[in-house]
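Residues per chain are reported as follows:
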Amino acid sequence: MIKMNVEGYEAEVVKGARETLEMDTILAVQTETSDSEMIAALNEAGFERWNYDTVRRELSREPREISASNALYLRDVPLVQRRIAEAPLRVILGKAI
């Protein structure tokens, strides 16, 4: 997973990381912004926009009800879903999620 927080320079980072983004081991990219240039570069590398519900531990193509500035891009979604299902639960505020 790559998590970018580069204060609006995400498109430049994605352009410079094309070789890294082509690696099969990179399954997810999380960014703070999503301009058209960055989206095109991520799509070209095989990533698509998804939403993740942390409480339900579910991926969805539908926008989440909670507004968040981060955008999640995934590839090999079946593998990501399997990893989510197999990940151990965590107790947060007394609730196992």
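Note: the structure precedes this text.
Scope of this entry: the structure provided in the associated data block. Keep in mind that what you see is a predicted model, and the values were worked out from it rather than measured. (Residues numbered from 1 in each chain as written. Predicted model: local features only at pLDDT ≥ 70, side-chain atom pairs only at ≥ 80, totals over all residues. Heavy atoms only, no water.)

## A few points about the overall build of the chain
Logical step 1: For the chain, the count of helices and strands is four helices and seven strands.
Logical step 2: The helix and strand sequence of the chain, counted from the amino end, reads β-α-α-β-α-β-β-β-α-β-β.
Logical step 3: Along the longest, intermediate and shortest principal axes, the C-alpha atoms of the chain span 40 × 25 × 20 Å.
Logical step 4: A total of 97 residues make up the chain; the buried ones form 32% of that total.
Logical step 5: Pairs at least 24 apart in sequence give 58% of the contacts found in the chain among residues at least 6 apart.
Logical step 6: Split by element, the accessible area of the chain, about 6700 Å² in all, is 52% carbon and sulfur.
Logical step 7: The positive charge centre, built from 13 side chains, and the negative charge centre, built from 17, are 7 Å apart in the chain. (Helix = DSSP H or I, 4+ residues; strand = E, 2+ residues; numbered from the N terminus. Buried < 20%, exposed > 50% of the residue type's maximum accessible area, 1.4 Å probe, protein only. Contact = heavy atoms within 4.5 Å. Areas by Shrake-Rupley, 256 points an atom, 1.4 Å probe, with all protein chains shown as cover. Lys, Arg positive; Asp, Glu negative; His and termini not counted. Charge placed at Lys NZ, Arg CZ, Asp CG, Glu CD.)

## Thoughts on the pattern of salt bridges
As a working rule, side chains carrying opposite charge can pair if their charged atoms are close by.
Logical step 1: As enumerated under the stated definition, the model contains four salt bridges in all.
Logical step 2: Glutamate 37 serves as the salt-bridge partner of lysine 15, at 2.8 Å between the closest nitrogen and oxygen. Taken together, the residues lysine 15 in helix α1 (residues 10–16) and glutamate 37 in helix α3 (residues 36–44) connect sequence positions 22 residues apart.
Logical step 3: Taking the shortest distance from any N to any O, the salt bridge between glutamate 44 and arginine 18 comes out at 3.8 Å. Placement of the pair is glutamate 44 in helix α3 and arginine 18 in helix α2 (residues 18–21), with a sequence separation of 26 residues.
Logical step 4: Classification of arginine 18 as partly exposed rests on a relative accessible area of 37%. (Salt bridge = Lys/Arg side-chain N within 4 Å of Asp/Glu carboxyl O.)

## A closer look at α3
Logical step 1: Among the residues making up α3, those that are buried are Met38, Ala41 and Leu42. End-on view of α3: buried residues confined to an arc of 95°, all on one side of the axis. The exposed residues of α3 that point more than 90 degrees off its buried face are Ser36 and Glu44.
Logical step 2: In the core, the buried residues of α3 are packed alongside α1, α2, β2 (28–31) and β5 (71–74).
Logical step 3: Directly beyond the C-terminal end of α3, a positive phi value near 95° is found at glycine 46. (Arc of directions from axis to C-beta.)

## Structural notes on the sheet that holds strand β4 (residues 58–60)
Logical step 1: An order of β1-β2-β5-β3-β4 is seen for the five strands of this open sheet, with the pairing classed as mixed. Only two strands of the sheet have a single neighbouring strand rather than two, namely β1 (2–3) and β4.
Logical step 2: In this sheet, β5 lies alongside β2 in antiparallel orientation, the contact comprising four bridges. When the bridges of β5 are listed, threonine 31 appears paired with alanine 71.
Logical step 3: Sheet contacts for α3: β2, β3 (48–53) and β5; angle to β5, the most-contacted strand, approximately 25°.
Logical step 4: Set on the sheet, helix α4 (residues 77–86) makes contact with β3, β4 and β5; between it and β4 the angle comes to about 155°. (Pairing = 2+ DSSP bridges. Axes fitted to C-alpha atoms, helices over the stretch in contact; angles between N-to-C directions.)

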